[in-house]
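Below are the chains, spelled out letter by letter.
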Amino acid sequence: MYPVCMGVFDSETNENWIWFMQLVRQAIGSPRGLTICTDAGQPVMIGVKEVFPEAEHRECMFHLVSNFNKKFHGKVFDDHLWAAAYSWNPYLFEQNWVAMDIAKPAAAALRKWHTRLWSRCQFSTISKVDYVTNNLAECFNNWIKHHKSLNLDDFFDKLRQLIMIMWNRRRKVARKLVGLILPHIIKKLNAKTRELNLEVVESSEEVAEVTALGGSGFRFVVNLLDRTCSCRQWEVSGLPCKHGLAFITSLTNARIENYVDSCYSIHKFRAAYDQLIPAMVDKNQWPKSDHGFFMFPPLLKATAGRPKTERYKGCSEKKRKSCQHLCPICKDYGHHWHKRKKGNPDDIAAILAVRGPPKKRTKTTKSAQSSIVPCEDDSPSAMRFPPSQILEKTTKQKGKGGKSGSGGAKRQPICGEHDVAKKKTHVAVKVHAKRKSKEVAGITPHLPMVPLDSPAMGTRSKKFNPASPAMSTRSKRRLSL
């Protein structure tokens, strides 16, 4: 990513984009081989057409596919639409296009309405850029997304600092580089030479025929002197294709870096970051300007809700679902690796050998004996429950009058007989009182005091509060659902 110029306007209209493109033309001019890649928005396309009519105008394939899938979708388009965009040769492009045309003839409207360049076979050989999407613009948006909430002057000052830091870092890297071509380019080309299944038939030291062994069996002509190949990948990207690499590696004293375009050279990299971005003081020390008027900030339309800090993602973009497990085999969410139905058995066996079989979770049940604490009385064989778990028992006297004892039912704490030898605990079942809470409110039972260092008090409040009398009986009124 190499930022060239920046601009801010309130909305994407034809006038705003024409104004921005005019300022871009004042800054960089119109060099030979200028290529501009935009999305499918009509205002930006009109701005490029008005200001840069001689430039090569490309359309982002990602936005094109997003609009195309709204009307046409299916397996044939998933298999051939992106393949047509990545086709270097017109012959391969026509093969993918015919397959889509046979399955859906109405899809031919793609060529009618999307007249900008979106396939590599249509790109010129001057700019040496083979991108079919404008992901670099999205990288820039992701780079500055945490600073978009600043004021406009603070935002531009922060952006200037970010670019200044990036240029200084790359300038230091460029000083340490030695050689002709950038190291990561050479590393990438060397990796391609290790998996070549091609046959080279030399016509001379500069020209040869390269045939793919097995599969398609296509034959391409490579010219080392002109740095061309009939597949057009070498001319468009500036890097030798696999056919050119097969021919270069078959020669004795040929070096790959001698056949790479100069735009990937260390010299060009140093020249790009040679100039310095000037440092500035803070805005409080800026000179005061007097234009005879004061410009107020624009009146923004208030929107409901919290201001958005991230862009709205399209319907075709993949959104990560939260709270889902990531499978280490297929890199998908929603299942574990040992429950994956589709996949290579070798991968599952490899993970099984490293991690072992999945462990089953054991259900743990809480025991009733863990909440029993000894009483403070002199009897060693008596056990009492903590105050919060006291089981209450109210006796019912069934007589002729059907009345209970005088004053209501007395609540007595139930004690279980604990046999140390047999380790058994008998707990009486709680029987709810029939009396109302008002009748029981006057009786205060004798509750045992539990020491604060008891194990049962470890997770409860150490301040003892007697139970509320209103909680002694259950309400007889049933809630209506």
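Please read all numbers here as calculations on a predicted model, not as lab measurements.

Engineer: Please clarify how the packing of helix α4 (residues 75-85) against helix α5 (residues 90-103) should be interpreted in this entry.
Structural biologist: When two helices pack together, their arrangement is given by the angle between the helix axes and the distance between those axes. At a minimum axis separation of 9 Å, α4 and α5 run at an interaxial angle of 150°. It follows from the interaxial angle that α4 and α5 lie roughly antiparallel. The way α4 lies across α5 gives a crossing that is left-handed. Across the interface between the two elements, Val 76, Phe 77, His 80, Leu 81, Ala 83 and Ala 84 of α4 pack against Phe 93, Asn 96, Ala 99, Met 100 and Ala 103 of α5. Taken together, the residues of the contact of α4 with α5 break down into nine nonpolar, two polar and no charged.

Engineer: It is not clear to me how unusual backbone geometry should be interpreted in this structure. Could you clarify?
Structural biologist: For residues other than glycine, phi is negative in most cases, and the peptide bonds are mostly trans. Unlike most non-glycine residues, Lys 128 shows phi in positive territory, near 60°. Turning to its location among the elements, Lys 128 is positioned in the loop between α6 (109-113) and α7 (135-143). Its identity as a non-glycine residue notwithstanding, Arg 232 has a phi of 75°, on the positive side. Along the chain, the position of Arg 232 falls in the loop between β6 (228-229) and α10 (233-237).

Engineer: Looking at this structure, how should I read the sheet that holds strand β4 (residues 207-212)?
Structural biologist: Adjacent strands of a sheet form backbone hydrogen bonds with each other and so pair up, either parallel or antiparallel. Ordered in space as β3-β4-β5-β6, the four strands form an open sheet in which the pairing is antiparallel. With partners counted over all chains shown, the strands left at the sheet margins are β3 (198-202) and β6, one partner each. Pairing of β3 with β4, which is carried by five bridges, proceeds in the antiparallel orientation. Each residue of the ladder has a partner; that of Val 200, found in β4, is Val 210. Across the sheet, helix α11 (residues 242-250) is in contact with β3, β4, β5 (219-223) and β6; its angle to β3 comes to roughly 60°.

Engineer: Sorry if this is basic, but what is going on with the UniProt feature "domain: SWIM-type" (unreviewed entry) in the protein here?
Structural biologist: UniProt records the feature "domain: SWIM-type" (unreviewed entry) at residues 220-252, using the numbering of this structure. Secondary structure across residues 220-252 comprises 42% helix and 18% strand; the distance between its end C-alpha atoms is 21 Å.

Engineer: Honestly, the pattern of salt bridges in this entry has me stumped. Any pointers?
Structural biologist: When charged atoms on two side chains of opposite charge get close, those side chains can pair. The final tally for this structure, using the stated rule, is nine salt bridges. A salt bridge links Glu 94 to Arg 111, with the shortest nitrogen-to-oxygen separation between them at 3.2 Å. Here Glu 94, found in helix α5, pairs with Arg 111, found in helix α6; they are 17 residues apart in sequence, far enough to count as distant. You can call Glu 94 partly exposed: its relative accessible area is 35%. Across the salt bridge formed by Asp 153 and Lys 283, the nearest N and O atoms sit 3.4 Å from each other. With Asp 153 in helix α8 (residues 152-176) and Lys 283 in the loop between α12 (266-272) and α13 (345-355), the pair connects residues that are 130 residues apart, well separated along the chain. By relative accessible area, Asp 153 is classed as partly exposed at 32%.

Engineer: Would you take a moment to explain the environment of Gly 179 for this structure?
Structural biologist: Locating Gly 179 in the fold gives a position in the loop between α8 and α9 (183-192). For Gly 179, a relative accessible area of 57% corresponds to the exposed category. Distance in space between the C-alpha atoms of Gly 179 and His 267 is 9.3 Å, their sequence separation being 88 residues.

Engineer: I would appreciate a short explanation of the nonpolar core in the present structure.
Structural biologist: Grouped burial of nonpolar side chains is what soluble globular proteins tend to show. By size, the foremost hydrophobic cluster in this structure holds 35 residues, and its most contacted members are Ile 185, Leu 189, Val 222, Leu 224, Cys 229, Trp 234 and Val 260. Among the secondary structure elements, those contributing two or more residues to this core are α8, α9, β4, β5, α11 and α12. Looking at this core, the element that brings in the most residues is α8, giving six residues. Looking at which domains feed residues into this core, each of domain 2 (146-176) and domain 3 (183-273) gives three or more. Setting aside residues up to four positions removed in sequence, Cys 229 forms contacts with Phe 220, Val 221, Val 222, Trp 234, Glu 235, Cys 241 and His 243. Judged by nonpolar contacts, the second largest core, of 20 residues, contains Phe 68, Phe 77, Leu 81 and Ala 84.

Engineer: Please clarify how the environment of Gln 42 should be interpreted in this entry.
Structural biologist: Mapped onto the secondary structure, Gln 42 falls in helix α2 (residues 42-51). In the structure, Gln 42 is positioned 29 residues away from Thr 13 in sequence and 8.8 Å away in space, judged by C-alpha atoms.

Engineer: Teacher, can you tell me more about the side chain of Asn 96 here?
Structural biologist: Structurally, Asn 96 is set in helix α5. A polar contact is formed between the side chain of Asn 96 and the backbone oxygen of Leu 92, at a distance of 2.8 Å. If sequence neighbours within four positions are ignored, Asn 96 has contacts with His 80, Ala 83, Ala 84 and Ser 87.

Engineer: Whenever I open this one, the packing of aromatic side chains confuses me. Can you help?
Structural biologist: The relative placement of two aromatic rings is captured by the distance of their centres and the angle of their planes. Considering all chains together, one arrives at 18 aromatic pairs under this definition. Relative to Tyr 273, the ring of Tyr 2 has its centre 5.4 Å away and its plane inclined at 65°; by these criteria the two rings are edge-to-face. With Tyr 2 in the segment before α1 (14-28) and Tyr 273 in the loop between α12 and α13, this pair connects stretches of sequence that are 271 residues apart. Every member of this aromatic cluster is reached through a ring pair, and the members are Tyr 2, Trp 167, Phe 269 and Tyr 273.

Cut-offs and rules
Residues numbered from 1 in each chain as written. Predicted model: local features only at pLDDT ≥ 70, side-chain atom pairs only at ≥ 80, totals over all residues. Heavy atoms only, no water. Axes fitted to C-alpha atoms, helices over the stretch in contact; angles between N-to-C directions. Helix = DSSP H or I, 4+ residues; strand = E, 2+ residues; numbered from the N terminus. Parallel < 35°, antiparallel > 145°, perpendicular 65-115°, else oblique. Left-handed = near helix turned anticlockwise from the far one by under 90°. Contact = heavy atoms within 4.5 Å. Nonpolar A, V, L, I, M, F, W, Y, C, P; charged D, E, K, R; others polar. Pairing = 2+ DSSP bridges. UniProt positions renumbered as here; feature names shortened; annotations may be inferred. Salt bridge = Lys/Arg side-chain N within 4 Å of Asp/Glu carboxyl O. Buried < 20%, exposed > 50% of the residue type's maximum accessible area, 1.4 Å probe, protein only. Core = buried A, V, L, I, M, F, W, Y, C linked by side-chain atoms within 4.5 Å. Domains from an automatic or database assignment. Polar contact = N/O pair within 3.5 Å; in protein donor to acceptor, adjacent residues only side chain to side chain. Phe/Tyr/Trp six-rings, centres within 6.5 Å; stacked < 30°, edge-to-face > 60°.

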